[in-house]
Protein chains: 2
Amino acid sequence: MDNQERQNKEQEILEAAEQEFLTKGYDGARTTSIAKAAGVTHAMLHYYFRTKEQLFERIVDEKFRVMSRSTLAAFGDPSLPMVERVRCGVINHFDFVSRNPLLPRFIINEIVSRPERYGVLHARIGAIIDNVYRGLQADIDAAAERGEMERVDAKMLFISIMSLNIFTFIAYPFMKPLMGELMADDAKFLEARKAENIETIMRRIKKQ
Amino acid sequence: MDNQERQNKEQEILEAAEQEFLTKGYDGARTTSIAKAAGVTHAMLHYYFRTKEQLFERIVDEKFRVMSRSTLAAFGDPSLPMVERVRCGVINHFDFVSRNPLLPRFIINEIVSRPERYGVLHARIGAIIDNVYRGLQADIDAAAERGEMERVDAKMLFISIMSLNIFTFIAYPFMKPLMGELMADDAKFLEARKAENIETIMRRIKKQ
DNA sequence: CTTTGCATTAACAATTATGTTAAACAATTG
DNA sequence: CAATTGTTTAACATAATTGTTAATGCAAAG
């Protein structure tokens, strides 16, 4: 068996594991079911990844990376005027969550149910965020000074953006059957929801 | 043993079960650990509730009821002027979630991981909501006509309110370590967050 | 006081998941 | 082609968890 094939098997296990863990969580996931979905015996899964725990770590690591990278990238281009920069941030963040709809719920559940493990990670991300914020808040203050927008707290604004964008996807399966025609067409609803979130945030920062 | 005592035991099991299921979810919960927390042997738990499944049902049922009652009640007093009615709705909903911080995550996870079971429930709630909405949208339109507020979609507004209020609590354990001083004092942060959510929603409906 | 019925316990049964191992197999290398 | 290394399988071991049961206790009712 050549390298190519081996990597394929590893990859297939990882993909099946991602699907299983993201939809069912650590406790609900079954290694046998992951192995089956990947088309390997469950002994092979253990051969490649030793334990369920270690396989899970791999998924968590990757997902955390994707999540934090994209979340930070959402606070894009500092060369844009502040108001446009925020609009752009909301759009980018919405689109990211839209491409990874299962991710936020997974990460939140993970952290809620095993807070002890993420101390290091938190410290690291915390430092990065702190840095970004200081700059962002300064830019907001400057723009407010120039009368371009309302003076707002950068962190609060950030939380609002995350709330509006993420909740849409977290609660989708819950809301969909409750909302009738509004949600009949997924694509249409998401488009409308995106516009609504942008509008809500833009009004929040609009000078009045 | 008198009636009082028996009901107490049942009650203690239910309370322990609620705690366990809400924090760990169905898969993560252990009946032995529930029994231990309730101070009974695990055979007693089975004696009272037969299976884990049935015990879980009891908790889900009650929690669903609490959740839907409070969510609807948040769209309070139709005698108030529309703008005040919305403000009041946001405040009531925030306070409700604040008193039941684990509830939204529990319900969302439940529904995501077992969608098939909630068809009936959904139909019922859907009908109620539909009803409330029709009235609410009419009231909003009328208020907009009178120039008291912006014309907005009632369902979209509702989703925004839920998003802002619920996400705060769902993501709290995740954000807390990331936000530094802002969240050092829980009570203070929640107060600030509540004010921020009210402001965000009020600006959304403000005539401009 | 005895009978009846519920409450309680401890021991046990069954199932399910994770993880291991030894042997078979395949591929690569010298 | 022999030796070595890594891969695969099937069978097994272990542990955890849910659920059952038969025996015992206990309280109230007749």
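What you see is a predicted model; the values in this text were computed from it and never measured.

This brings us to the pattern of salt bridges. Residues and elements named next belong to chain B. Within this structure, the stated rule accounts for 36 salt bridges over all chains. Salt-bridge contacts for Glu 62 lead to Lys 63; the nearest nitrogen and oxygen are separated by 3.7 Å. Relative accessible area serves as the criterion here: at 6%, Lys 63 is assigned to the buried category. A salt bridge links Glu 199 to Arg 203; the nearest nitrogen and oxygen atoms lie 2.8 Å apart. Of this pair, Glu 199 and Arg 203 both sit in helix H10 (residues 186-205), four residues apart, which is roughly one turn of that helix. Owing to a relative accessible area of 5%, Arg 203 belongs among the buried residues under this scheme.

Moving on, we get to the interface of chain B and chain A. Taken together, the contact pairs 49 residues of chain B with 48 residues of chain A. Interface area, chain B with chain A, both sides summed: about 4,900 Å², of which 66% is carbon and sulfur. On the chain B side of the contact with chain A, Phe 167, Phe 174 and Arg 203 of chain B bury the most area, a combined 16% of that side's loss. Scanning the region where chain B abuts chain A turns up six salt bridges.

What follows is about the domain arrangement of chain A. Residue and element names in this part refer to chain A. Here chain A is described as being made up of domain 1 (1-50) and domain 2 (56-205). For domain 1 and domain 2, the distance between their C-alpha centroids amounts to 31 Å. Contacts between the two partners involve nine residues from domain 1 and, on the opposite side, 11 residues from domain 2. Summed over both sides, the interface of domain 1 with domain 2 buries roughly 950 Å², with 68% coming from carbon and sulfur. Considering only the surface of domain 1 that becomes buried against domain 2, Phe 21, Leu 22 and Tyr 26 emerge as the three largest contributors, covering 57% of it. Between the two partners, domain 1 and domain 2, sit one salt bridge. For Glu 18, the salt bridge identified is with Lys 63, shortest N-O distance 3.1 Å.

To continue, consider the packing of aromatic side chains. All names here are of chain A. For the structure on display, the rule yields 22 aromatic pairs over all chains. The rings of Phe 21, Tyr 26, Phe 56 and Phe 106 are connected pair by pair, giving a single aromatic cluster. One Lys or Arg, Arg 114, reaches over the ring of Tyr 26 and ends 4.2 Å from the middle of that ring.

Turning our attention to the layout of surface pockets. In this model, the largest pocket occupies a volume close to 640 Å³. For the lining of the largest pocket, the secondary-structure elements that each account for two or more residues are helix H1 (3-28) and helix H6 (103-113) of chain A together with helix H1 (3-28) and helix H6 (103-113) of chain B. Grouping the constituent residues of the lining of the largest pocket by class yields eight nonpolar, 10 polar and 10 charged.

With that settled, the discussion passes to the side chain of Lys 52 of chain A. Residue and element names in this part refer to chain A. Relative to the elements of secondary structure, Lys 52 occurs in helix H4 (residues 52-73). Buried and without a salt bridge, Lys 52 has Asp 27 as its closest oppositely charged side chain, separated by 5.9 Å. In this structure the side chain of Lys 52 is engaged in a polar contact, spanning 3.0 Å, whose partner is the backbone oxygen of Ala 29. If we ignore the near neighbours within four places in the chain, the residues touching Lys 52 are Phe 21, Tyr 26, Asp 27, Ala 29, Arg 30 and Thr 31.

A rotation about an axis combined with a shift along that same axis relates the two copies of the chain. In the superposition of chain B on chain A (RMSD 0.1 Å, axial shift 0.0 Å), the rotation amounts to 180°. The two molecules are tied by a two-fold rotation axis, judged by turn and shift. Mapped onto chain A, 98% of the interface residues of chain B are again interface residues, and the two copies thus contact each other with one and the same surface.

About the cut-offs
Residues numbered from 1 in each chain as written. Chains lettered and ligands numbered in written order. Predicted model: local features only at pLDDT ≥ 70, side-chain atom pairs only at ≥ 80, totals over all residues. Heavy atoms only, no water. Salt bridge = Lys/Arg side-chain N within 4 Å of Asp/Glu carboxyl O. Buried < 20%, exposed > 50% of the residue type's maximum accessible area, 1.4 Å probe, protein only. Helix = DSSP H or I, 4+ residues; strand = E, 2+ residues; numbered from the N terminus. Contact = heavy atoms within 4.5 Å. Buried area = accessible area lost by both parts, 1.4 Å probe. Domains from an automatic or database assignment. Phe/Tyr/Trp six-rings, centres within 6.5 Å; stacked < 30°, edge-to-face > 60°. Lys NZ or Arg CZ within 6 Å of the ring centre and 35° of its normal. 1 Å grid on protein atoms, 1.4 Å probe; cavity = no way out; pocket = protein on both sides within 12 Å on 5 of 7 lines; lining within 4 Å. Points joined across faces, edges and corners; volume = space filled by probe spheres on them. Nonpolar A, V, L, I, M, F, W, Y, C, P; charged D, E, K, R; others polar. Lys, Arg positive; Asp, Glu negative; His and termini not counted. Polar contact = N/O pair within 3.5 Å; in protein donor to acceptor, adjacent residues only side chain to side chain. Least-squares fit on C-alpha atoms with pLDDT ≥ 70 in both.

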